[in-house]
Amino acid sequence: MLFHVKMDVAIPRDLDPAERDTLLATEKARALELQRAGVWVHLWRIVGQYSNVSVFDVESTDQLHQILWTLPLFPFMTVQVTPLAQHPSALAAQP
């Protein structure tokens, strides 16, 4: 199952700088782990915002939910999830 996920991040400005650095490093490590596992298949920055758009390839909505909850930055995110289906005019859908 493919999902488009938009993540807006709002880390508190008064967060201890060392804690912030650790948080960002662990988030990056988790994102790389999920990409290497083939679950987080696209990750794109939204220019001018602390946001990204991503595509996840998972087996279920429950799996996606669990993955999102494991992201270190999740407590500071607003997340929008949209299920995706192949478009009949997509090149991949052609015989």
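Quick caveat: nothing in here was measured; it's all calculated off a predicted structure.

What counts, and at which threshold
Residues numbered from 1 in each chain as written. Predicted model: local features only at pLDDT ≥ 70, side-chain atom pairs only at ≥ 80, totals over all residues. Heavy atoms only, no water. Core = buried A, V, L, I, M, F, W, Y, C linked by side-chain atoms within 4.5 Å. Buried < 20%, exposed > 50% of the residue type's maximum accessible area, 1.4 Å probe, protein only. Helix = DSSP H or I, 4+ residues; strand = E, 2+ residues; numbered from the N terminus. Contact = heavy atoms within 4.5 Å. Patch = residues over 30% accessible without salt bridge, like charges linked within 9 Å, V, L, I, M, F, W, Y side chains within 5 Å. Areas by Shrake-Rupley, 256 points an atom, 1.4 Å probe, with all protein chains shown as cover. Salt bridge = Lys/Arg side-chain N within 4 Å of Asp/Glu carboxyl O. Pairing = 2+ DSSP bridges. Axes fitted to C-alpha atoms, helices over the stretch in contact; angles between N-to-C directions.

1. Here's the deal with the nonpolar core
Turning to step 1, where the next piece is worked out: Counting 20 residues, the largest nonpolar core has Met7, Phe56, Leu68 and Leu71 as its most contacted members.
Turning to step 2, where the next piece is worked out: Contributions of two or more residues to this core are made by strand S1 (2–9), helix H1 (17–36) and helix H2 (61–70).
Turning to step 3, where the next piece is worked out: In terms of residue count, S1 provides more of this core than any other element does, 4 residues in total.
Turning to step 4, where the next piece is worked out: When residues no more than four places from it in sequence are discounted, the contact partners of Leu68 are Val5, Met7, Phe56, Phe74, Val79 and Val81.

2. What about a nonpolar patch on the surface?
Turning to step 1, where the next piece is worked out: Judged by side-chain polarity, Leu2, Val41 and Leu84 come together as a nonpolar surface patch covering roughly 220 Å² of accessible area.
Turning to step 2, where the next piece is worked out: Among the structural elements, Leu84 can be located in strand S4 (residues 77–84).

3. Some thoughts on the sheet that holds S1
Turning to step 1, where the next piece is worked out: On the basis of which strands lie adjacent, the open sheet formed by 4 strands has the order S2-S3-S1-S4 and antiparallel pairing. Both outer strands of the open sheet, strand S2 (40–45) and S4, are each paired with one neighbouring strand and no more. Neighbour-to-neighbour, the strand axes of this sheet turn through a mean angle of 15°, independent of strand direction.
Turning to step 2, where the next piece is worked out: Here 8 bridges tie S1 to S4, and the two strands are oriented antiparallel to one another. Across the sheet, residue Leu2 finds its bridge partner in S4, namely Leu84.

Worth remembering: the numbers are spatial, not functional.
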